[in-house]
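# Structural characterization, general
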Amino acid sequence: MVYNPMLFEVRVQNMGLLTSGVEFESRPAALSLPAESGLYLVTLVGVPQTTGMITVNGYHTTVFGVVSDCLLDHLPGIKTSGSPVEVIPALPRLQISTSLPRYQIFSITGKHKGEREVAVGRPGASHCKCLEVLPATLENTCLNTVS
């Protein structure tokens, strides 16, 4: 959380995370803090480029053209020198396509390895004990392979 105690608006041109460990692509934020503003929530994000350990050490800002690094271990009240996080491999994203409208798909289950079953229902027929077979396509929408 940040605030602006000044009598004028403060523009933060660049604010991002400072990290160590695995390669990390910080997604910088820009914000404008009104004069004498109260607490303002800022969310800083980024994407690790590999798996392994990463530590969030602090953040950096650019205000009035001056670049500043703020390390967590230098902040009053912070009792840690960083926040270590284990980066795991990215998970696959799967997309299912059918000829049914989206609201009719209830769940996807697999009773046996490699087998997928789609449970469907029609509005107002929640107690129907019928089985309907329909074609469905399961697609990997990311770069990770699915085994």
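What you see is a predicted model, and the numbers here were worked out from it, not measured in a lab. (Residues numbered from 1 in each chain as written. Predicted model: local features only at pLDDT ≥ 70, side-chain atom pairs only at ≥ 80, totals over all residues. Heavy atoms only, no water.)

## Here we look at the overall build of the chain
Along its length, the chain carries zero helices and 11 strands. Each helix (α) and strand (β) of the chain, taken in turn from the N terminus, gives the series β-β-β-β-β-β-β-β-β-β-β. Across the 147 residues in the chain, those meeting the buried criterion constitute 21%. A separation of at least 24 residues holds for 62% of the contacts in the chain among residues at least 6 apart in sequence. Of the accessible surface of the chain, which amounts to about 11100 Å², a share of 57% is contributed by carbon and sulfur atoms. (Helix = DSSP H or I, 4+ residues; strand = E, 2+ residues; numbered from the N terminus. Buried < 20%, exposed > 50% of the residue type's maximum accessible area, 1.4 Å probe, protein only. Contact = heavy atoms within 4.5 Å. Areas by Shrake-Rupley, 256 points an atom, 1.4 Å probe, with all protein chains shown as cover.)

## Looking at the side chain of T61
Along the polypeptide, T61 turns up in strand 5 (residues 52-63). Residue T61 is classed as buried on the basis of its relative accessible area, which comes to 14%. Apart from residues no more than four positions distant in its own chain, T61 is found in contact with V12, N14, M15, V66, V67 and S68.

## Brief notes about the side chain of S37
Along the chain, S37 turns up in the loop between strand 3 (29-33) and strand 4 (45-48). Setting aside its immediate chain neighbours within four residues, S37 contacts Y3 and N4.

## Quick notes on unusual backbone geometry
When glycine is set aside, most residues are seen to have a negative phi, and most peptide bonds are trans. Although it is not a glycine, E36 sits at a positive phi angle of roughly 50°. Here E36 lies in the loop between strand 3 and strand 4. At F64, a residue that is not glycine, the phi angle is positive and equals roughly 55°. Here F64 is to be found in the loop between strand 5 and strand 6 (66-71).

## Remarks on the pattern of salt bridges
A complete count under the given rule lists two salt bridges for this structure. Among the salt bridges present, the one from E9 reaches R11, with a minimum N-O distance of 3.3 Å. Its salt-bridge partner being R27, residue E25 comes within 3.2 Å of it at the nearest N-O pair. (Salt bridge = Lys/Arg side-chain N within 4 Å of Asp/Glu carboxyl O.)

## Describing the environment of L33
Note that L33 resides in strand 3. The class for L33 is buried, based on a relative accessible area of 5%. For the pair L33 and N4, spaced 29 residues apart in the sequence, the C-alpha separation amounts to 6.1 Å. Those residues in contact with L33 that sit more than four places away from it in its chain are V2, Y3, N4, E9, V10 and Y40.

## Section: the nonpolar core
Among the nonpolar cores identified, the biggest contains eight residues, and these are V2, V10, V12, M15, L31, L33, V42 and V63. If you list the elements that add at least two residues to this core, you get strand 1 (10-21) and strand 3. Of the residues forming this core, the biggest block, three residues, is contributed by strand 1. (Core = buried A, V, L, I, M, F, W, Y, C linked by side-chain atoms within 4.5 Å.)

## Re the environment of P92
For P92, the position within the fold is in the loop between strand 7 (83-87) and strand 8 (94-98). A C-alpha to C-alpha distance of 6.1 Å links P92 and C142, two positions 50 residues apart in sequence.

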